[in-house]
Amino acid sequence: MNLTHAAELIGTFVFAISGSLAAGEKKLDAFGVSVIAFITALGGGTLRDLLLNLHPLLWIRDGSYLAAIMAGVIFTFLFYRFIKPLHRTFFFFDAIGIGLFTILGLKKALLVAQLSPVVAVIMGMVSATFGGVLRDVLCNEIPLIFRREIYAMACFAGAAAYLLADKLLHLAPEVNMLCTMLLIIAIRLVAVRYRLTIPWRPLGGNE
Amino acid sequence: MNLTHAAELIGTFVFAISGSLAAGEKKLDAFGVSVIAFITALGGGTLRDLLLNLHPLLWIRDGSYLAAIMAGVIFTFLFYRFIKPLHRTFFFFDAIGIGLFTILGLKKALLVAQLSPVVAVIMGMVSATFGGVLRDVLCNEIPLIFRREIYAMACFAGAAAYLLADKLLHLAPEVNMLCTMLLIIAIRLVAVRYRLTIPWRPLGGNE
Amino acid sequence: MNLTHAAELIGTFVFAISGSLAAGEKKLDAFGVSVIAFITALGGGTLRDLLLNLHPLLWIRDGSYLAAIMAGVIFTFLFYRFIKPLHRTFFFFDAIGIGLFTILGLKKALLVAQLSPVVAVIMGMVSATFGGVLRDVLCNEIPLIFRREIYAMACFAGAAAYLLADKLLHLAPEVNMLCTMLLIIAIRLVAVRYRLTIPWRPLGGNE
């Protein structure tokens, strides 16, 4: 168990809590909440691995991911009264989660032979954001990240920065990872603080 | 054509009828109803095989599954007036279907090398329940099984019981299959009869 | 770059525009619109390749598809005021798109060894229509093509006609492709013009 693995498990745990909280508002039963927690945490990485044909899937090969999700669901069950008011804190954890998952997803994609940098960046973004997309689809809502303050764009920027720093500056991977993760988190915090969005307002549209 | 295959085709046929009935209430056209019937019947097994990288997919390799679905759709079309009132009967068939698909899905997953028992149990559950989940997503509803009386939990319990009986009691596979299928059906019938649910009510939540 | 490739890129471009227009009505941000454009254009082909285990996926291997989508999104952004009123024209482009994608999807499926003709026809249909299905699911609507005037049925008819003409008449592939594409476009145009549908009205149902 190295640092990357530990970071991934913490990210999984945090996303499982965020999924449990979202599902809890939909009056699901205990099973439904667990499924939503699972999909929020591992849906993005699973989709990436299916698209890239990377088998066996992470959580099939290594049981600790499922354990981290169970822990997240039980943690939410036990400490709901303390977690629920922590909106600000959790938004912060979510920012850490997407920063982590973007760069880890990007690095995993880069291991695939002959993958173009653009596709690798997309895969980093998919890893971080599509768990939330699938969660929202199952909860019958238009995915939040398609409308929310700069979210996937932050992942995109961080993943692109990682690639550029790697190719142009030859930054050491560890330093690069840390810096670009912080970049993603920073973009996201600033975007939420100042309500920055990138609206879609085509030229000539009457809105 | 052995017994397992026959059982699978019957399960596919029954699920196709249940999908056609659900789709029929959404004012879809004949194509839409056929697609929903297909996804209800084969969506769970297809997702399982994609996650486990088992190719070619069952219904791609063997045309009898598509034939069973066509038969289910046509059967619903012809005998709608007789089927529609049979709510109770169909709920019973559905219980048989999920019992069957859970254990068959579990057994298929167990053939994959080095799969952990927990993942195998999850795959049994996915086989039986995710067709219905995809059906509900396409019909724009929050999946029923995330809210309904013990449904996926019954599949989970049956699959876990199969594994335990296999490892600890060394039960003959045929006997074990039959008993655990009956267990799933029994749990489901009892849960519906007495409206048993496992609500998600976290400690400190005000509901 | 041959003719088929050029045709595919044009189809991708057209579908990306149609996806951008649909997404634009949902008040998404620029990222959300791009994702919906991507999924509308490449979702069907991606699902086909996942089901048939054809890796690497087209847009992962060849960057020109992503470029075509970006071009479609930017084109919509710049020329919205001119595109928006062109409902009739775009419906026409969409008809061309599905004609093209159906036959190209069918031909790709036929390259897979030992695939039954029925499954190949289904794969042609999936290629052309499931991008739109996924778009509608993400936009939280019941997929339009499940209710609309003969749409997927047109794809089905064209794909079946291609196969028949190939096996029975030994038509040259180029001629066959052109004729069956025109057939799909013609069916679709006639269906919309005369509002033809194939409603699902089971015998004995009271509608």
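Residues numbered from 1 in each chain as written. Chains lettered and ligands numbered in written order. Predicted model: local features only at pLDDT ≥ 70, side-chain atom pairs only at ≥ 80, totals over all residues. Heavy atoms only, no water.

1. Some thoughts on the interface of chain A and chain B
- Each partner contributes to the interface: chain A provides 31 residues, whereas chain B provides 32 residues.
- Here chain A and chain B share an interface that buries about 2700 Å² over both sides, 73% of which is from carbon and sulfur atoms.
- Three residues stand out in chain A for area buried against chain B, namely Phe-31, Ile-60 and Phe-77 of chain A, and they jointly supply 24% of the buried area on that side.
- Linking chain A with chain B are zero salt bridges.
- Across the contact surface, chain A and chain B share three residue pairs in polar contact (both at pLDDT 80 or more).
- Counting residues per element, the side of chain A that touches chain B draws most heavily on helix 2 (residues 30-51) of chain A, at nine residues.
- Residues belonging to the side of chain A that touches chain B are distributed by class as follows: 19 nonpolar, eight polar and four charged. (Contact = heavy atoms within 4.5 Å. Buried area = accessible area lost by both parts, 1.4 Å probe. Salt bridge = Lys/Arg side-chain N within 4 Å of Asp/Glu carboxyl O. Polar contact = N/O pair within 3.5 Å; in protein donor to acceptor, adjacent residues only side chain to side chain. Helix = DSSP H or I, 4+ residues; strand = E, 2+ residues; numbered from the N terminus. Nonpolar A, V, L, I, M, F, W, Y, C, P; charged D, E, K, R; others polar.)

2. Some points on the packing of helix 2 (residues 30-52) of chain B against helix 6 (residues 117-138) of chain B
Residues and elements named next belong to chain B.
- In contact at an axis separation of 7 Å, helix 2 and helix 6 are set at 135° when each is read in the N-to-C sense. The orientation of helix 2 with respect to helix 6, classified from their angle, is oblique. In the packing of helix 2 onto helix 6, the handedness of the crossing is right-handed. Two secondary-structure elements touch here, helix 2 through Ile-36, Ile-39, Thr-40, Gly-43, Gly-44, Gly-45, Leu-47, Arg-48, Leu-51 and Leu-52 and helix 6 through Met-123, Val-126, Ser-127, Phe-130, Gly-131, Gly-132, Leu-134, Arg-135 and Leu-138.
- Per-class residue counts for the contact of helix 2 with helix 6 are 10 nonpolar, seven polar and two charged. (Axes fitted to C-alpha atoms, helices over the stretch in contact; angles between N-to-C directions. Parallel < 35°, antiparallel > 145°, perpendicular 65-115°, else oblique. Left-handed = near helix turned anticlockwise from the far one by under 90°.)

3. Regarding the nonpolar core
- Formed by 190 residues in total, the largest nonpolar core has its most connected members in Trp-59 of chain A together with Trp-59 of chain C.
- What Trp-59 of chain A contacts, discounting residues up to four positions off in sequence, is Phe-38, Leu-42, Thr-46, Tyr-65 and Leu-66 of chain A together with Leu-51, Val-119 and Met-123 of chain B. (Core = buried A, V, L, I, M, F, W, Y, C linked by side-chain atoms within 4.5 Å. Buried < 20%, exposed > 50% of the residue type's maximum accessible area, 1.4 Å probe, protein only.)

4. A look at the pattern of salt bridges
- Enumeration according to the criterion identifies nine salt bridges over all chains in this entry.
- Of the charged contacts in the structure, one is a salt bridge between Asp-49 of chain C and Arg-48 of chain C, with a shortest N-O distance of 2.9 Å.
- The exposure class assigned to Asp-49 of chain C is buried, which follows from its relative accessible area of 2%.
- Where salt bridges share partners, they join Arg-48, Asp-49 and Lys-108 of chain A into one cluster.

5. Structural notes on empty space enclosed by the protein
- Under the defined criterion, the tally for this structure stands at four cavities of 30 Å³ or more.
- The volume enclosed by the largest cavity comes to roughly 180 Å³.
- If you trace the largest cavity, you find 15 residues lining it, with Leu-42, Gly-45, Arg-48, Leu-58 and Phe-101 of chain A closest to the centre.
- Elements represented by at least two residues in the lining of the largest cavity include exactly helix 1 (3-24), helix 2, helix 3 (58-61) and helix 5 (87-110) of chain A.
- A per-class count over the lining of the largest cavity returns seven nonpolar, five polar and three charged.
- Considered as a void within the structure, the second largest cavity measures approximately 150 Å³ in volume.
- Taken together, 15 residues line the second largest cavity, and the ones lying closest to its centre are Glu-8, Gly-45, Arg-48, Leu-58 and Phe-101 of chain B.
- For the lining of the second largest cavity, the secondary structure elements donating two or more residues are helix 1 (3-24), helix 2, helix 3 (58-61) and helix 5 (87-110) of chain B.
- With six residues, the single largest contributor to the lining of the second largest cavity is helix 2 of chain B.
- Its residues assigned to classes, the lining of the second largest cavity comprises seven nonpolar, five polar and three charged. (1 Å grid on protein atoms, 1.4 Å probe; cavity = no way out; pocket = protein on both sides within 12 Å on 5 of 7 lines; lining within 4 Å. Points joined across faces, edges and corners; volume = space filled by probe spheres on them.)

6. Details of the relation of the copies chain C and chain A
- Of the transformation superimposing chain C on chain A, the axial component is 0.0 Å and the angular component is 120°, with the fit at an RMSD of 0.0 Å. Expressed as an axis order, the relation between the two copies is that of a three-fold axis. The position closest to the rotation axis in chain C is occupied by the C-alpha of Asn-140 of chain C, lying 3.8 Å away.
- The share of interface residues of chain C whose copies in chain A are also at the interface is only 13%, consistent with the copies meeting through different surfaces. (Least-squares fit on C-alpha atoms with pLDDT ≥ 70 in both.)

So, to be careful, I would describe these as geometric facts and stop short of saying anything about function.
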